[in-house]
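A look at the structure
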Amino acid sequence: MSLDSSPIQILLVEDNPGDVRLTAETLRTGKVANDLHVAKDGEDAMAFLRRETPHTGAPRPDLVILDLNLPRKDGIEVLTEIKQDDSLHVIPIVILTTSGAERDVVQSYELKANAYITKPIDVHDFIAAVTSIEDFWLNIVRLPRE
């Protein structure tokens, strides 16, 4: 077990400002120290992960929370690129999306997503979903730390 007490680095890939705000507030009040970084589309997410301009000094995320419905590059494309990249493929990816379509669930797992959560419409249920991500991925699971 690592004695590293530095905050968990989380990349949230989400274009809905309300969902970004709720996720950030939920994680900020959580039990585990974390730094939340936000990419508003798939291209920005990949630039962050690859530390390309304007993210040249970005930390490597310990966890990515990824929406599927994104502008410029959708979540399936982002997931595919991450899992095909030798320097990124071990980062756990949690899909958090409005899509409950079976084809999206199956495709995400085929592409090696680590979890698939359909976003609840109710705000309290949404907060509970984010809290469950935090409880499992930040409290129970041991993440690969760079």
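The structure we're discussing is the one just above.
The following paragraphs examine the structure supplied in this document. (Residues numbered from 1 in each chain as written. Predicted model: local features only at pLDDT ≥ 70, side-chain atom pairs only at ≥ 80, totals over all residues. Heavy atoms only, no water.)

1. Description of the overall build of the protein chain
Formally: Comment: elements are numbered from the N terminus, with helices defined as DSSP H or I runs of at least four residues and strands as E runs of at least two. Radius of gyration here is computed from C-alpha atoms only, and the compact-globule reference equals 2.2 Å multiplied by the residue count raised to the power 0.38. Where accessible areas are quoted, they stem from the Shrake-Rupley method and a 1.4 Å probe; at the residue level, only the protein chains shown are allowed to cover.
A tally of regular secondary structure across the protein chain gives five helices and five strands. Listing each helix as α and each strand as β along the protein chain from the N terminus yields β-α-β-α-β-α-β-α-β-α. Rg of the C-alpha trace for the protein chain: 14 Å, near the compact-globule value of 15 Å for 146 residues, within the 12% margin. Judged by the C-alpha coordinates and their principal axes, the protein chain covers about 40 × 35 × 25 Å. As displayed, the protein chain offers around 7,600 Å² of accessible surface, 52% of which is attributable to carbon and sulfur atoms.

2. Some points on the pattern of salt bridges
To keep it simple, the criterion reads: In the sections that follow, a salt bridge refers to a side-chain nitrogen of Lys or Arg positioned within 4 Å of a carboxyl oxygen of Asp or Glu. Partly exposed residues are those whose accessible area sits between 20% and 50% of the maximum for their type, while under 20% is buried and over 50% is exposed, using a 1.4 Å probe and protein chains only.
Here the structure, examined in full by the defined rule, presents 10 salt bridges. Among the ionic pairs, Lys119 bridges to Asp19, the shortest N-O distance being 2.8 Å. Separated by 100 residues along the polypeptide, Lys119 in the loop between strand 5 (115–118) and helix 5 (123–140) and Asp19 in helix 1 (residues 17–28) bring together distant segments of the chain. Given the relative accessible area of 9%, Lys119 is considered buried. The shortest N-O distance in the salt bridge between Glu25 and Arg21 comes to 3.6 Å.

3. Comments concerning the nonpolar core
Spelled out, the test is: Among the buried residues, those of types Ala, Val, Leu, Ile, Met, Phe, Trp, Tyr and Cys that are joined through side-chain atoms within 4.5 Å form a nonpolar core. Two residues qualify as a contact provided that any one of their heavy atoms is within 4.5 Å of a heavy atom in the partner residue.
One finds Val13, Leu49, Val64, Leu66, Ile93 and Ile95 to be the most contacted residues of the largest nonpolar core, which totals 23 residues. Elements with a minimum of two residues in this core: strand 1 (8–13), helix 2 (42–49), strand 3 (63–66), helix 3 (75–84) and strand 4 (93–97). If sequence neighbours within four positions are ignored, Val13 has contacts with Ala39, Asp41, Ala45, Val64, Ile65, Leu66, Asp67 and Leu70.

4. Let's talk about the sheet that holds strand 3
Here is the rule we go by: Two strands pair if DSSP finds at least two bridges between them. For helices, the fitted line uses only the C-alpha atoms of the stretch in contact; every axis is such a line through C-alpha atoms, and the angle between N-to-C directions lies from 0 to 180 degrees.
Across the sheet, which stays open at both edges, the five strands sit in the order 2-1-3-4-5 with parallel pairing between neighbours. Only two strands of the sheet have a single neighbouring strand rather than two, namely strand 2 (34–39) and strand 5. The average undirected angle you get between the axes of adjacent strands in this sheet is 20°. Across four bridges, strand 1 lies against strand 3 in parallel orientation. Opposite Leu12, over in strand 3, you have Ile65 as the bridge partner. Contacts from helix 4 (residues 102–110) reach strand 4 and strand 5, with the element oriented near 155° to strand 5. Packed on one face of the sheet, helix 5 meets strand 1, strand 2, strand 3, strand 4 and strand 5 and runs near 175° to strand 4.

5. Section: the environment of Ala113
Take Ala113: it is sitting in the loop between helix 4 and strand 5. Sequence separation between Ala113 and Val130 is 17 residues, and the spatial gap between their C-alpha atoms is 17 Å. Setting aside residues no more than four positions away along its own chain, Ala113 makes contact with Leu79, Ile93, Ile95 and Ser108.

6. Considering the side chain of Asp19
Using a relative accessible area of 14% as the deciding quantity, one classes Asp19 as buried. Ignoring sequence-local partners within four residues, the contact set of Asp19 consists of Glu14, Lys119 and Phe126.

7. Topic: unusual backbone geometry
The omega torsion of the bond from Thr53 to Pro54 falls at 5°, within 30 degrees of zero and hence cis. With respect to the helices and strands, Pro54 occurs in the loop between helix 2 and strand 3. Despite not being glycine, Arg51 shows a phi value in the positive range, around 55°. Inspection of the secondary structure assignment puts Arg51 in the loop between helix 2 and strand 3. A positive phi angle is found at Arg72, which is not glycine, with a value near 70°. We classify Arg72 as exposed; its relative accessible area is 59%.

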